[in-house]
Amino acid sequence: MAQSQGWVRRYAKAFCKGFFVAVPVAVTFLDRVACVARVEGASMQPSLNPGGSQSSDVVLLNHWKVRNFEVQRGDIVSLVSPKNPEQKIIKRVIALEGDIVKTMGHKNRYVKVPRGHIWVEGDHHGHSFDSNSFGPVSLGLLHAHATHILWPPERWQKLESVLPPERLPVQREED
Amino acid sequence: MSFMKLKAISALLTVINFINNNKKSGQWWQSRHRTMLRGVLAKTFRLVGYTIQYGCIAHCAFEYVGGVVMCSGPSMEPTIQNSDIVFAENLSRHFYGIQRGDIVIAKSPSDPKSNICKRVIGLEGDKILTNSPSDFFKSHSYVPTGHVWLEGDNLQNSTDSRYYGPIPYGLIRGRIFFKIWPLSDFGFLRDSPNGHRFSDD
């Protein structure tokens, strides 16, 4: 009896120890290095979810790459939605701070992106809730950089950072 | 005869034992080096493991529970003076429990690497008085969905939502509720001295 109690206690102790190591390490890894997420909606067609509602892609989100809030024009990034903080959105970066962009359906025809902000748009124009409706977004809302499609397996690929030529900024910030 | 037999067997056993021992531990110097190396390696691994473990625990604590923060700048005077040390908690951000009148830490909208410390004046849908004191006419605006309106307590010397507009809720990092230093002011933080800035509803 005493022996079995000792065994139980030892087991519980080992379990607690493993628990307190594994959970913080896993949470930190998912917060700081990388995580995976399922993409919902048609706003990034044809880059993501080309099949419409039948298929939804799973992407790898790299947090480590954007730890200093450095993004390039054309990158696909995920952000906290400025309209609903519980939701994350995935969009393509069109312009960085200081650029002047020609908008599509925004209240102003041309917008200069303010300091610390970026202009993001979905690839599927007209079916995307993006900067054309809520304006430039603060870099502080940046969540991660989507680098690969992981699932479905036949769509496994690296996500290229391409800027549609017709969406080049009208005037770039001089480097 | 039997005596000889026994002797032979014992000699054989000794030889076998000797060989076995040598197989197990190698030469005496080799074994000693190996144990030393093993000790150093084990120590290094243990140190790295503990560093990672406690780093991760610290990250989780600062990200989800809260931490001690030092505030600088004049924008929250007289509630928080320059270089006061306060306690901030992040739970109410995760559970969306931020209310009007709370003092929050948020990422600056124009520079994501710096933080600002302001008081929440209005939540989404609230009607806010946006004119500066020098303006004669009153002007109002509504806080859009998913945004909050932040203002410093020191209205004359504060860069806040009156200057850069409402900020998204996602920029809020935590809520400040307890002052630790200076000791003369130890305790929960006071209400806003600018009560008239709050909307009625």
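The model shown is predicted, which means the values in this text are computed figures rather than measured ones.

K.L.:
So what exactly am I meant to see when it comes to the domain arrangement of chain B here?
P.N.:
By a frequent convention, interface size equals the accessible area lost on bringing the separate parts together. Residues and elements named next belong to chain B. Taken as a whole, chain B is organised into domain 1 (1-65) and domain 2 (72-197). Counting residues at the interface gives four residues for domain 1 and seven residues for domain 2. In total, domain 1 and domain 2 occlude about 380 Å² of area from one another, counting both sides; carbon and sulfur atoms represent 35% of this. For domain 1, the biggest contributors to the area lost against domain 2 are Glu-63, Tyr-64 and Val-65; these three give 92% of the whole. At the junction of domain 1 and domain 2, the tally comes to two salt bridges. Note that Arg-173 is salt-bridged to Glu-63, the shortest N-O span being 3.6 Å. Across the side of domain 1 that touches domain 2, the residue classes tally to three nonpolar, no polar and one charged.

K.L.:
In this structure, what is going on with the UniProt feature "domain: Peptidase S26" (unreviewed entry) in chain B? I would like to understand it.
P.N.:
Residues annotated by UniProt as "domain: Peptidase S26" (unreviewed entry) correspond here to residues 52-129 and 137-181 of chain B. In residues 52-129 of chain B, helix accounts for 23% and strand for 36%; the two terminal C-alpha atoms are 49 Å from one another.

K.L.:
Would you take a moment to explain the UniProt feature "active site" (unreviewed entry) in chain B for this structure?
P.N.:
All names here are of chain B. UniProt feature "active site" (unreviewed entry): in the numbering of this structure it lies at Ser-75 and Lys-118. The annotated residues occupy 44 residues of the chain but converge on a single region, no pair of C-alpha atoms lying more than 7.7 Å apart. On the secondary structure map, Ser-75 appears in the loop between strand E1 (66-71) and strand E2 (84-89). Non-local contacts of Ser-75, meaning those with residues more than four positions away in its chain, are made with Cys-117, Lys-118, Gly-152, Asp-153, Asn-154, Asn-157 and Ser-158. Tracing the sequence through the fold places Lys-118 in strand E4 (residues 115-122). Exposure remark for Lys-118: the relative accessible area of 5% places this residue in the buried category. Excluding residues within four positions of it along the chain, Lys-118 makes contact with Ser-75, Met-76, Asp-102, Ile-103, Val-104, Leu-150, Glu-151, Gly-152, Ser-158, Thr-159, Asp-160 and Tyr-164.

K.L.:
Explain the interface of chain B and chain A here, please?
P.N.:
Taken together, the contact between chain B and chain A spans 24 residues of the former and 22 residues of the latter. Counting the surface lost from both chain B and chain A, the interface buries some 1900 Å², and carbon and sulfur atoms represent 64% of this. Ranking the residues of chain B by area buried against chain A places His-59, Tyr-96 and Pro-112 of chain B at the top, with a combined share of 24%. At the junction of chain B and chain A, the tally comes to one salt bridge. With a closest N to O distance of 4.0 Å, Arg-32 of chain A and Glu-63 of chain B form a salt bridge.

K.L.:
Please explain the state of the cysteines as it appears in this structure.
P.N.:
A covalent bond between the sulfur atoms of two cysteines is referred to as a disulfide. This structure, assessed with the given rule, holds zero disulfides over all chains. In this model Cys-16 of chain A remains outside any disulfide bridge; the closest cysteine sulfur is found in Cys-60 of chain B, 17 Å from its own. Lacking any disulfide linkage, Cys-56 of chain B is separated from the closest cysteine sulfur, that of Cys-60 of chain B, by 6.8 Å. Taking the relative accessible area as the measure of exposure, Cys-56 of chain B reaches 9% and is therefore buried.

K.L.:
Which parts of the structure should I look at to understand unusual backbone geometry?
P.N.:
Most of the time, phi is negative for any residue but glycine, and the peptide bond is trans. Here the bond from Gln-45 of chain A into Pro-46 of chain A is cis, since omega is 5°, no more than 30 degrees from zero. When you line up the elements, Pro-46 of chain A lands in the loop between strand E1 (34-38) and strand E2 (58-62). Of note, the amide linkage connecting Glu-77 of chain B to Pro-78 of chain B takes the cis form, showing an omega dihedral of 5°. Residue position: Pro-78 of chain B is located in the loop between E1 and E2. Within the chain, Asn-49 of chain A stands out as a residue other than glycine whose phi angle is a positive 55°. Summarising the element assignment, Asn-49 of chain A is placed in the loop between E1 and E2.

K.L.:
Explanation requested: the domain arrangement of chain A in the structure shown.
P.N.:
The domains assigned to chain A are domain 1 (1-32) and domain 2 (36-167). Between domain 1 of chain A and domain 2 of chain A, the C-alpha centre-to-centre distance is 40 Å.

K.L.:
What is the right way to read the pattern of salt bridges from this model?
P.N.:
Under the criterion given, the structure shown has 14 salt bridges over all chains. Of the charged contacts in the structure, one is a salt bridge between Arg-73 of chain A and Asp-99 of chain A, with a shortest N-O distance of 2.8 Å. Of this pair, Arg-73 of chain A sits in the loop between E2 and strand E3 (76-80) while Asp-99 of chain A sits in the loop between strand E4 (88-95) and strand E5 (100-102), and the two are 26 residues apart along the sequence. Taken as a pair, Arg-73 of chain A and Asp-99 of chain A share a single burial class, namely buried. Measuring nitrogen to oxygen at the nearest pair gives 2.8 Å for the salt bridge that ties Glu-89 of chain B to Arg-175 of chain B. Residue Glu-89 of chain B is located in strand E2, and its partner Arg-175 of chain B is located in strand E9 (residues 172-181); the two are separated by 86 residues in the primary sequence.

Criteria and cut-off values
Residues numbered from 1 in each chain as written. Chains lettered and ligands numbered in written order. Predicted model: local features only at pLDDT ≥ 70, side-chain atom pairs only at ≥ 80, totals over all residues. Heavy atoms only, no water. Domains from an automatic or database assignment. Contact = heavy atoms within 4.5 Å. Buried area = accessible area lost by both parts, 1.4 Å probe. Salt bridge = Lys/Arg side-chain N within 4 Å of Asp/Glu carboxyl O. Nonpolar A, V, L, I, M, F, W, Y, C, P; charged D, E, K, R; others polar. UniProt positions renumbered as here; feature names shortened; annotations may be inferred. Helix = DSSP H or I, 4+ residues; strand = E, 2+ residues; numbered from the N terminus. Buried < 20%, exposed > 50% of the residue type's maximum accessible area, 1.4 Å probe, protein only. Disulfide = S-S within 2.5 Å.

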